[in-house]
Number of protein chains: 2
Amino acid sequence: MGVTKSDKFTQEQNELSIMVKALGHPARIAIIEHLLKVNSCICGDIVGALPLAQPTISQHLKELKNAGLVKGDVEGTSVCYCIDEKGFEKIKSFFDTVHSILQEKKDECC
Amino acid sequence: MGVTKSDKFTQEQNELSIMVKALGHPARIAIIEHLLKVNSCICGDIVGALPLAQPTISQHLKELKNAGLVKGDVEGTSVCYCIDEKGFEKIKSFFDTVHSILQEKKDECC
DNA sequence: TTTATATATTGCAATATTACGATTAAAAGA
DNA sequence: TCTTTTAATCGTAATATTGCAATATATAAA
């Protein structure tokens, strides 16, 4: 039905999947990579750097913001976007845990 | 248009986003967590462990398999699913990189 | 105040995803 | 062979996502 049964899963599972899902699009990966590359935080010139129209990028930025992966500071007419470390820490800690569990039980599987 | 413009992004961005996207659903997070919990690899009793119907889980497993995050070994009538470490290594290495870049440029941002 | 600039929002078309009942396929056992 | 068991596939309904043109909004500059 196109509708995820969120109520059937834990809050942690839902929260994690929302953050991870926000990175499940090449444009949003590209936005994050761009924000990492320019070493101060960057404004709307993300639009110039990506091959998508301004409204599309604005929408992607909104999703990244909702997921807690990006912050936006208004500065006059423009907006300064930058990475929200807290979100990335949460994701990283999940994958770190997966990795260490896999290390422990090395070779038990297929 | 509901269609991602993959051709406008790098192969790495596309591949990473496909793997990450596969984890962008609470059921698929739950499947991975389940596979980590049972310390030998587990078969179709994932269906018993999750609050979704068998065809739905089969579909989620297929997506995880396509993304290279899970492997399935046929064993008679049943199938033994387990985590594909290689996929998780790739994802982890992305988030490790993000983390270390963020460490370097501590406090430059918003 | 008018104008220019930068972003966000709206509305919509095309496509993708989620979920599951019904069915099929494939191997094991009677 | 027939039956049972397990998992995949098909078909379909409901909903979500992607992308952009057009438009709105908001601040700065003239």
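The structure presented is a predicted model; accordingly, all values stated were derived computationally and were not measured.

*Asks:* Describe the pairing of strand β2 (residues 78–83) of chain A, with residues and values.
*Replies:* Residue and element names in this part refer to chain A. Sheet topology places strand β1 (residues 70–75) next to β2; 6 bridges connect them, and they run antiparallel. Bridge pairing links E75 to S78 in β2. Counted along the chain from β1 to the antiparallel partner β2, the turn is 2 residues long, and its residue G76 has a positive phi close to 70°.

*Asks:* Can you lay out the interface of chain B and chain A for me, pointing to particular residues and giving the numbers?
*Replies:* Contacts between the two partners involve 49 residues from chain B and, on the opposite side, 49 residues from chain A. Contact between chain B and chain A buries roughly 4,500 Å² in total, counting both sides, with carbon and sulfur atoms accounting for 71%. Put simply, chain B and chain A have 2 salt bridges between them. As a salt-bridge pair, B:D96 and A:K92 come within 3.1 Å of each other at their nearest N and O atoms. Counting across the interface, chain B meets chain A through 10 residue pairs in polar contact (both at pLDDT 80 or more). Sorting the residues of the side of chain B that touches chain A by element identifies α1 (11–22), α2 (26–37), β1 (70–75), β2 (78–83) and α5 (85–104) of chain B as the ones contributing at least two each. Tallying contributions element by element places α5(B) first for the side of chain B that touches chain A, with 13 residues.

*Asks:* Please give an account of the protein's contact with DNA strand C that cites residues and values.
*Replies:* Close contacts around DNA strand C come from 30 residues, with A:M1, A:G2, A:K5, A:Y81 and B:M1 the closest. Here A:V3 contributes a backbone N or O atom positioned 3.4 Å from a sugar or linking oxygen of DNA strand C. In the model, a phosphate oxygen of DNA strand C is placed 3.2 Å from a nitrogen or oxygen of the B:K21 side chain. With 5 residues, the single largest contributor to the surface near DNA strand C is helix α4 (residues 54–66) of chain B.

*Asks:* I'd like to hear about the protein's contact with DNA strand D, residue by residue, with values.
*Replies:* Lining the immediate surroundings of DNA strand D are 30 residues, of which A:M1, A:T77, B:M1, B:G2 and B:Y81 lie closest. For DNA strand D, the fraction of atoms within 4 Å of the protein that belong to sugar or phosphate moieties is 60%. One of the side-chain nitrogen or oxygen atoms of B:Y81 is found 2.5 Å away from a phosphate oxygen of DNA strand D. When residues of the surface near DNA strand D are traced back to their parent elements, those giving at least two are α4 (54–66) of chain A together with α4 and β2 of chain B.

*Asks:* Outline empty space enclosed by the protein, listing residues and values.
*Replies:* On inspection of all chains with the given rule, the structure shows 1 cavity of 30 Å³ or more. Quantified by volume, the largest cavity comes out at close to 40 Å³. If you trace the largest cavity, you find it lined by A:F88, A:E89, A:K92, B:F95, B:V98, B:H99 and B:L102. Listing elements by their share of the lining of the largest cavity, those giving two or more residues are α5 (85–104) of chain A together with α5 of chain B.

*Asks:* Mind laying out the packing of helix α2 (residues 26–37) of chain A against α5(B), listing which residues take part and the relevant values?
*Replies:* Contact geometry of α2(A) with α5(B) gives a least axis separation of 11 Å together with a crossing angle of 30°. Classified by the interaxial angle, the pair formed by α2(A) and α5(B) is roughly parallel. Where α2(A) crosses over α5(B), the two elements pack in a sense that is left-handed. Every residue of α5(B) that contacts α2(A) at A:I29, A:E33 and A:L36 is listed here: B:F94, B:V98, B:I101 and B:L102.

*Asks:* Please provide a residue-by-residue account of the nonpolar core, values included.
*Replies:* In a soluble, globular protein the nonpolar side chains are often hidden away together inside. Membership of the largest hydrophobic core comes to 62 residues, with the highest contact counts inside it found for A:L23, A:I46, B:L23 and B:I46. Leave out the neighbours within four places in its chain, and A:L23 touches A:R28, A:I29, A:I32, A:L64, A:L69, A:F88, A:I91, B:S17, B:V20 and B:F95.

*Asks:* Which residues make up α5(A), and what values do they have?
*Replies:* The periodicity of an α-helix, 3.6 residues per turn, causes residues three or four places apart in sequence to face the same way. Helix length check: α5(A) (20 residues) gives 28 Å between terminal C-alpha atoms against 28 Å at 1.5 Å per residue, within 8%. Residues of α5(A) that are buried: A:G87, A:F88, A:I91, A:K92, A:F94, A:F95, A:V98 and A:L102. For α5(A), the arc enclosing every buried residue in end-on projection is 150°, short of the 170-degree limit, so these residues lie on one face. Turned more than 90 degrees off the buried face of α5(A), the exposed positions are A:K86, A:K90 and A:E104. Here the buried face of α5(A) lies against α1 (11–22), α2 and β2 of chain A together with α2, β2 and α5 of chain B.

Rules behind the numbers
- Residues numbered from 1 in each chain as written.
- Chains lettered and ligands numbered in written order.
- Predicted model: local features only at pLDDT ≥ 70, side-chain atom pairs only at ≥ 80, totals over all residues.
- Heavy atoms only, no water.
- Pairing = 2+ DSSP bridges.
- Helix = DSSP H or I, 4+ residues; strand = E, 2+ residues; numbered from the N terminus.
- Contact = heavy atoms within 4.5 Å.
- Buried area = accessible area lost by both parts, 1.4 Å probe.
- Salt bridge = Lys/Arg side-chain N within 4 Å of Asp/Glu carboxyl O.
- Polar contact = N/O pair within 3.5 Å; in protein donor to acceptor, adjacent residues only side chain to side chain.
- Near = heavy atom within 4 Å.
- 1 Å grid on protein atoms, 1.4 Å probe; cavity = no way out; pocket = protein on both sides within 12 Å on 5 of 7 lines; lining within 4 Å.
- Points joined across faces, edges and corners; volume = space filled by probe spheres on them.
- Axes fitted to C-alpha atoms, helices over the stretch in contact; angles between N-to-C directions.
- Parallel < 35°, antiparallel > 145°, perpendicular 65-115°, else oblique.
- Left-handed = near helix turned anticlockwise from the far one by under 90°.
- Core = buried A, V, L, I, M, F, W, Y, C linked by side-chain atoms within 4.5 Å.
- Buried < 20%, exposed > 50% of the residue type's maximum accessible area, 1.4 Å probe, protein only.
- Expected span 1.5 Å × (residues − 1).
- Arc of directions from axis to C-beta.

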